[in-house]
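Observations on the three-dimensional arrangement
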Amino acid sequence: DNRLTREGPLPEALGHAFREASMAEAARRAQRSERLGLYRLAALELETALSFASPAERGAKELEVANLRAKAGDIKGAVDSFQSAARAGGERRPTALLRFARTLLDLGERERAADALDLVQGALEGGARGEAQVRNMGEWLVLRAKTTLQRGDLAGATQALQRAP
């Protein structure tokens, strides 16, 4: 009789303990923590696994860390991660940049959100036209109008919305 099979979840737990760390595993844990509202823990999960990220995905993961830090209320850490993401090529990822800008805007960080939206504009102008690109352009226009409106510039917000393709 194999005693380990009668011990319940122990063999599975031991298997997880000796599994090699990977970016995919860290992303899965970070997603779970984010869904639970544990943004600081989710950011930590991703940040510790950045060394496993390929150079192509490093910028996007850095942007995710920045977004999670912003959601956790760590604006300084979010800006640091954002700058690191920009150095790693994250400025070419409009969807992740839009998510970060939206989070900053929700936290009342209008100027920083406007800076992120400027990077989104550059990424959108350089990208190929597709369904995702059109959706990103629409969201960019709405967020740009929202930041302009929050500054008290109704005419500028209207002008931003009229630029829709």
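Residues numbered from 1 in each chain as written. Predicted model: local features only at pLDDT ≥ 70, side-chain atom pairs only at ≥ 80, totals over all residues. Heavy atoms only, no water.

**What to know about the confidence of the model for the protein chain**
- Residues at a pLDDT of 70 or more form 81% of the protein chain, whose mean pLDDT is 79.
- Here helix α1 (residues 3-6) stands out as the least confident element of the protein chain, with mean pLDDT 52; helix α4 (residues 39-48) is the most confident, with 91. (pLDDT = per-residue confidence, 0-100. Helix = DSSP H or I, 4+ residues; strand = E, 2+ residues; numbered from the N terminus.)

**Some thoughts on the nonpolar core**
- Membership of the largest hydrophobic core comes to 24 residues, with the highest contact counts inside it found for F82, F100 and W140.
- The set of elements that each furnish at least two residues to this core consists of α5 (55-71), α6 (75-87), α7 (94-106), α8 (110-126) and α9 (131-150).
- Among the elements that line this core, the one with the most residues is α7, at seven residues.
- When sequence neighbours within four positions are dropped, the list of residues in contact with F82 reads L63, A66, L97, F100, A116 and L119. (Core = buried A, V, L, I, M, F, W, Y, C linked by side-chain atoms within 4.5 Å. Buried < 20%, exposed > 50% of the residue type's maximum accessible area, 1.4 Å probe, protein only. Contact = heavy atoms within 4.5 Å.)

**Here's the deal with the environment of L63**
- Here L63 is to be found in helix α5.
- Assessed through its relative accessible area of 1%, L63 is described here as buried.

**Considerations on the pattern of salt bridges**
- Scanning all chains against the criterion turns up twelve salt bridges.
- A salt bridge links E109 to R112, with the shortest nitrogen-to-oxygen separation between them at 3.0 Å.
- Beyond isolated ion pairs, a larger network of salt bridges with shared partners links E25, R28, R29 and E45. (Salt bridge = Lys/Arg side-chain N within 4 Å of Asp/Glu carboxyl O.)

**Topic: the packing of α5 against α7**
- At a minimum axis separation of 9 Å, α5 and α7 run at an interaxial angle of 15°. Comparing their axes, α7 and α5 come out roughly parallel. Between α5 and α7 lies a crossing of left-handed hand. Contacts between α5 and α7 involve L63, E64, A66, N67, A70 and K71 on the former and, on the latter, A96, L97, R99, F100, T103 and L104. (Axes fitted to C-alpha atoms, helices over the stretch in contact; angles between N-to-C directions. Parallel < 35°, antiparallel > 145°, perpendicular 65-115°, else oblique. Left-handed = near helix turned anticlockwise from the far one by under 90°.)

**A closer look at the packing of aromatic side chains**
- By the definition in use, this model includes one aromatic pair.
- Where F82 meets F100, the ring centres are 4.8 Å apart and the plane angle is 20°; that geometry is what we call stacked. With a gap of 18 residues between them, F82 in helix α6 and F100 in helix α7 connect regions that are remote in the sequence. Both residues of the pair, F82 and F100, count as buried. (Phe/Tyr/Trp six-rings, centres within 6.5 Å; stacked < 30°, edge-to-face > 60°.)

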